[in-house]
Structures are given as C-alpha cells and as structure tokens.
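# Reading the structure
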Amino acid sequence: MILGLEFPPISHLIEWPDIFLKDTSFAVNKVVLIMWVSALLAIVLFVLGSRKRALVPTGVQNVAESIIDFVDNSIVMETIGPDGRKFTPFLTTLFTFILFCNLWEVIPFVQMPANARMAMPMTFSLLVWLIFNVVGIAKQGFFHYFKGIMFPPGVPKPIYILVTPIELVSTIIVRPLSLAVRLFANMLAGHLVLVTFAVISAALWVKGVNLVILPFSFVLLVALTGFEVLVSFLQAFIFTILAAVYIGGAMHPEH
Amino acid sequence: MSLLPILAEQDPGELVKGLTAVGRGIVYGGAAIGPGIGIGIVVGNAISAMARQPESAGMVRTTMFLGIAFTEALALFGFVLAFIVAG
C-alpha cells in the first residue's frame with residue numbers, strides 16, 4: 001500500500017498458472033503459449049513470404065524481404081563482413097523470434113513479453129555462446145582461439161597478469177550472462193513500468209478522487225506504450241548485433 | 001533525536017520489509033549512477049560525430065547502440081540484483 005494504491009507483488013505480474021501438464025517439468029503456461037505463437041508467426045511469415053518469389057515483392061513477401069535485408073545489411077555486413085553471410089539465416093531467425101516475443105508486451109489482452117522470463121533469453125544466449133565458441137575453435141583451432149582470448153596482442157608483457165584473467169572471465173562468463181540479462185531486464189523493466197502506470201490510472205479512475213491528475217498518468221501510459229514498441233525493436237536489434245559481433249570476433253582474431 | 005529508538009519500537013517483520021525496500025533502492029540507485037554518466041558520454045560523442053560528418057551517421061548510430069548496450073549492462077545487473085537482494 002502506497003498512498004492508498006495497492007500495487008500487486010511482482011510474482012503476480014510475471015508468474016502465470018499452468019494450463020496443461022500441471023505440476024510437471026513440461027507444464028505449459030501463458031509464456032510458453034506466447035512463445036509457440038511467436039514461433040508459428042515467424043514461420044508463417046517466412047513461408048508465405050518465400051512462396052511466390054515475385055521479382056517485385058508485395059505484401060508479406062515485402063515484409064519478409066525487408067527483415068532479411070535489414071539483418072544482412074545493417075547487422076552482418078557492418079560487423080562480420082562478406083564471409084559472415086552464412087550466418088544471416090541464423091541471425092534473421094534470432095531477430096524475428098526475439099522481436100515477435102517482445103512485441104506481445106504491448107498487444108492488448110496478452111501484454112506479457114515472453115522474454116521477461118529468464119528462460120528464453122538464457123536459451124538464446126547459451127545458443128549464441130555455443131555458436132561463437134564453436135566457430136572460433138573451428139576457424140582458429142583450439143589453442144590459437146584461447147590464446148587469442150587470453151593474450152590479446154599489443155599489450156606489454158607484465159600487464160598480462162592483469163589482462164588474462166579479466167579477458168577470460170569476460171569472454172567466457174560475462175558475455176553470455178550480460179547478453180541474457182540485458183534482454184531479460186529490459187523487457188521486465190518495461191513490463192513493470194507499464195503495469196505501474198496502468199495500476200495508477202485504474203486506481204485513480206476507480207476512486208475518482210483525483211480526476212485532475214488522472215490524465216497525466218494515462219497520457220504517460222500511452223506514451224510509454226509507444227516507447228516500449230521502440231524498446232522491443234531495439235533490444236531484438238541489440239541482441240542480434242551483439243551475437244554477430246561475438247561471432248565476428250571469433251572468426252577474425254585481432255593481429 | 002536518534003533514529004534507533006524509533007526503529008526498536010517497530011514490529012521486526014515490518015522493519016525487515018522496510019529495510020529491504022531501502023536496500024533495493026540503494027542497490028539500483030548505486031548501479032545506475034555510472035551507466036547514466038557513461039551513456040551520456042557515448043550518446044553525446046555520437047551526436048557530435050554525426051554533426052561533424054552527417055554522411056557517416058549510419059555507421060555511428062550502429063556503433064552508438066553497441067556502446068549503449070555495453071554500458072547499460074551494468075545498470076541492468078543492478079536492476080536484477082535489486083530483485084535478488086533479500087529475495
């Protein structure tokens with residue numbers, strides 16, 4: 001209770017009751033359903049978009065081609081270069097899936113970003129971690145890859161005592177952790193902010209005591225909803241571009 | 001006037017709750033200072049770079065988002081930690 005305002009505890013906002021397969025490890029709740037629907041939407045988008053293959057794209061094909069073009073031009077070409085093009089399908093899938101999962105945050109009657117639960121960002125980042133390490137080991141060989149991580153060139157010899165542990169920890173542990181936590185915390189924070197202003201607006205409306213300040217909180221709620229759409233795009237973009245940067249760093253070591 | 005006698009009169013459960021809230025505030029507030037300054041520096045320099053060379057705005061913008069993402073990570077660790085504290 002803050003100033004007569006009952007704010008729901010955080011577990012009510014992000015934990016949903018099981019729908020199918022209750023009390024098992026495979027229980028299905030709202031977040032899992034959102035994830036399935038997002039995956040289905042992404043599949044349908046690209047299947048429909050690639051069916052006709054018209055020279056001048058229209059409709060769904062246009063959307064699908066712009067997404068691929070965006071990932072190819074402003075993510076892969078900017079960070080990895082032409083030989084990273086074989087990762088465009090993976091990065092496009094990642095971008096589309098994360099974006100669709102995020103966008104449920106502002107869609108009425110759902111209003112829950114699937115990435116506000118740690119499981120999904122963690123899976124994505126573990127996948128990226130696995131891929132960039134495997135790519136680095138395959139491209140450079142096991143010892144050369146870890147030598148590149150632990151002994152970055154251009155550093156005076158005694159400084160390696162300091163640099164080596166930091167670089168090792170930052171590449172192997174902090175990279176996947178920060179990748180997952182960045183997506184998770186951004187979506188959770190956005191969800192909480194929207195809930196806060198929705199609760200304030202609803203409480204002011206029900207009590208009717210402060211109809212003077214109600215418009216402010218409501219206008220802010222609408223504005224923040226628009227801002228959260230931007231954040232959804234931005235976080236999907238940042239996750240994908242960081243994945244591309246890590247893969248690119250594993251493919252082209254510094255000399 | 002000292003704060004301690006007032007605290008001693010309170011119900012211990014409520015006191016723990018209140019102090020937890022204060023701790024969370026301190027954790028997140030502390031974690032947000034550095035990244036706030038850092039993001040300001042990143043974006044400010046990106047804007048001056050874009051103003052000097054508008055033709056390189058696209059490249060600068062991509063790099064700017066990368067810089068923001070790396071800087072912001074610390075604030076987000078603080079945000080998550082604020083929930084974990086006395087969770």
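Owing to the predicted nature of the structure, the values given are computational and were not obtained by experimental measurement.

## Re the overall build of chain A
Along the backbone of chain A there are 8 helices and 0 strands. Of the regular secondary structure in chain A, the N- to C-terminal order runs α-α-α-α-α-α-α-α. The proportion of buried residues among the 255 residues of chain A is 31%.

## Section: the nonpolar core
Counting 51 residues, the largest nonpolar core has Leu 91, Cys 101, Phe 239 and Ala 243 of chain A as the members making the most contacts within it. Contributing elements (two or more residues each) for this core: α2 (30-49), α3 (59-79), α4 (88-103), α5 (119-140), α7 (160-207) and α8 (214-251) of chain A together with α3 (57-84) of chain B. Tallying contributions element by element places α8 of chain A first for this core, with 11 residues. Aside from chain neighbours lying at most four places away, what touches Leu 91 of chain A is Val 71, Ile 75, Val 76, Thr 240, Ala 243 and Ala 244 of chain A.

## Some remarks on α4 of chain A
Between its terminal C-alpha atoms α4 of chain A stretches 22 Å, which fits the 22 Å expected from 16 residues at 1.5 Å a residue. Buried within α4 of chain A we find Leu 91, Thr 92, Leu 94, Phe 95, Thr 96, Phe 97, Ile 98, Phe 100, Cys 101 and Asn 102 of chain A.

## Focus on the confidence of the model for chain B
Residue and element names in this part refer to chain B. Overall, the predicted model of chain B reaches an average pLDDT of 86, with 97% of residues at or above 70. Of all the helices and strands in chain B, helix α1 (residues 4-9) carries the lowest mean pLDDT, 76, while helix α2 (residues 12-52) carries the highest, 90. In the predicted complex, the global pTM is 0.87; the interface-specific ipTM is 0.76.

## Description of the interface of chain A and chain B
Each partner contributes to the interface: chain A provides 13 residues, whereas chain B provides 10 residues. Looking at the side of chain A that touches chain B, the elements that each hand over two or more residues are α3, α7 and α8 of chain A. Sorting elements by how many residues they give to the side of chain A that touches chain B places α7 of chain A first, with 6 residues. Residues of the side of chain A that touches chain B, tallied by class, amount to 8 nonpolar, 3 polar and 2 charged.

## Regarding the environment of Pro 8 of chain A
Residues and elements named next belong to chain A. Along the chain, Pro 8 turns up in the segment before α1 (10-14). Taking the C-beta count within 10 Å as the criterion, Pro 8 has 9 such neighbours and is therefore assigned exposed. With 73 residues separating them along the chain, Pro 8 and Gly 81 place their C-alpha atoms 48 Å apart.

## Side note on unusual backbone geometry
Residue and element names in this part refer to chain A. Although it is not a glycine, Leu 21 adopts a positive phi angle of roughly 50°. Positive phi, normally seen in glycine, also occurs at Phe 109, with a value near 75°. Following the sequence through the fold, Phe 109 ends up in the loop between α4 and α5.

## Observations regarding the packing of α5 of chain A against α7 of chain A
All names here are of chain A. With their axes 8 Å apart at the nearest point, α5 and α7 run at an angle of 150° to one another. By the criterion of interaxial angle, the relationship of α5 to α7 is roughly antiparallel. The crossing of α5 and α7 is right-handed. Contacts from Pro 121, Met 122, Ser 125, Leu 126, Val 128 and Trp 129 of α5 reach α7 at Arg 175, Pro 176, Leu 179, Ala 180, Leu 183 and Phe 184. Taken together, the residues that form the contact of α5 with α7 break down as 10 nonpolar, 1 polar and 1 charged.

Rules used in this analysis
- Residues numbered from 1 in each chain as written.
- Chains lettered and ligands numbered in written order.
- Predicted model: local features only at pLDDT ≥ 70, side-chain atom pairs only at ≥ 80, totals over all residues.
- Helix = DSSP H or I, 4+ residues; strand = E, 2+ residues; numbered from the N terminus.
- Buried ≥ 20, exposed ≤ 12 C-beta atoms within 10 Å, placed from the backbone.
- Core = buried A, V, L, I, M, F, W, Y, C linked by C-beta atoms within 7 Å.
- Contact = placed C-beta atoms within 7 Å.
- Expected span 1.5 Å × (residues − 1).
- pLDDT = per-residue confidence, 0-100.
- Nonpolar A, V, L, I, M, F, W, Y, C, P; charged D, E, K, R; others polar.
- Axes fitted to C-alpha atoms, helices over the stretch in contact; angles between N-to-C directions.
- Parallel < 35°, antiparallel > 145°, perpendicular 65-115°, else oblique.
- Left-handed = near helix turned anticlockwise from the far one by under 90°.

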